[in-house]
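Commentary on secondary and tertiary structure
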Amino acid sequence: MKKINLKDYYSHITVDTYIDIPDEVFNIFEEYRKAEQAYQSRIRYHKAYYSLDRGDGIEHTALFVSLSPDEIYERKLTTEQLHAAIATLPDKQAKRIYAHYFLGMSKAAIAKAEGTSASSVKDAIRRGLCSLEKYLKNNF
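So, how was this worked out
Residues numbered from 1 in each chain as written. Predicted model: local features only at pLDDT ≥ 70, side-chain atom pairs only at ≥ 80, totals over all residues. Heavy atoms only, no water. Helix = DSSP H or I, 4+ residues; strand = E, 2+ residues; numbered from the N terminus. Buried < 20%, exposed > 50% of the residue type's maximum accessible area, 1.4 Å probe, protein only. Contact = heavy atoms within 4.5 Å. Areas by Shrake-Rupley, 256 points an atom, 1.4 Å probe, with all protein chains shown as cover. Phe/Tyr/Trp six-rings, centres within 6.5 Å; stacked < 30°, edge-to-face > 60°. Axes fitted to C-alpha atoms, helices over the stretch in contact; angles between N-to-C directions. Parallel < 35°, antiparallel > 145°, perpendicular 65-115°, else oblique. Nonpolar A, V, L, I, M, F, W, Y, C, P; charged D, E, K, R; others polar. Patch = residues over 30% accessible without salt bridge, like charges linked within 9 Å, V, L, I, M, F, W, Y side chains within 5 Å. Salt bridge = Lys/Arg side-chain N within 4 Å of Asp/Glu carboxyl O.

If you check an unreviewed UniProt entry, the protein appears there as RNA polymerase sigma factor 70 region 4 type 2 domain-containing protein from Enterococcus cecorum DSM 20682 = ATCC 43198.

What follows deals with the overall build of the protein. Within the protein one finds 7 helices and 2 strands. Secondary structure elements of the protein occur, N-terminal to C-terminal, as β-α-β-α-α-α-α-α-α. Looking at the 140 residues of the protein, the share that counts as buried comes to 18%. Residue pairs at least 24 apart in sequence account for 33% of intrachain contacts in the protein once pairs closer than 6 positions are excluded. If you sum the accessible surface of the protein, you get close to 11200 Å²; carbon and sulfur atoms cover 56% of it.

Let us now look at the packing of aromatic side chains. Scanning the entire structure with this criterion turns up 2 aromatic pairs. With centroids separated by 6.3 Å and ring planes inclined at 80°, the aromatic side chains of Y10 and F29 adopt a geometry described as edge-to-face. Pair noted here: Y10 is in the loop between α1 (6-9) and β2 (18-21) and F29 is in helix α2 (residues 23-46), with a separation of 19 residues, a long-range link. Aromatic pair Y98 and F102: ring centres 5.2 Å apart, planes at 20°, arrangement stacked. On the criterion of helical spacing, the pair formed by Y98 and F102 is a turn pair, its members being 4 residues apart in helix α5 (residues 91-102).

Moving on to the environment of T88. Tracing the chain through its elements places T88 in the loop between α4 (69-87) and α5. Residue classification places T88 among the partly exposed positions, given a relative accessible area of 46%. Taking the C-alpha atoms as reference, T88 lies 9.8 Å from G128; in sequence the two are 40 residues apart.

As a packed pair, α5 and helix α7 (residues 118-139) sit with axes 9 Å apart at the nearest point and diverge in direction by 100°. Overall, the two elements α5 and α7 adopt an arrangement that is roughly perpendicular. Residues Q93, R96, I97, H100 and Y101 of α5 touch α7, and the partners they reach there are S120, V121, A124, I125, R127, G128, L129, S131 and L132. The residue inventory of the contact of α5 with α7, partitioned by class, reads 7 nonpolar, 5 polar and 2 charged.

Right, let's talk about a nonpolar patch on the surface for a bit. A contiguous nonpolar surface patch, about 560 Å² in accessible area, is contributed by L82, Y98, Y101, F102, L103 and L129. Sorting elements by how many residues they give to the nonpolar patch places α5 first, with 3 residues. In this fold, L103 is placed in the loop between α5 and α6 (107-114).

Have a look at this one:
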């Protein structure tokens, strides 16, 4: 258990309010604090002291683009085609491509987890992508 002051994390709290929280929650608070500090640092570095938020919804529409039903259907088809193509790959290639592109793991991390060399992972991913390209060109 860690003790935090809510005033440090919430700007609308004006008096010191100390509470005990579990370590997992504290870690989340610290991650947020560090991310916010990095964001403020980037604003200062790039001198971006402006905002699109004018109250007319322009920032909201810039951030949250609503998709048309056609676009939703097209994305669904594309996703299904991609999963079908990945299913045609050998198991190792499919797992390595999934880990690298969907889970965001580096090739070195995949190699370490599998106990192989990074070059073999890199080659397997490259061969898998070539196979995916051929499959998608021939079938869709």
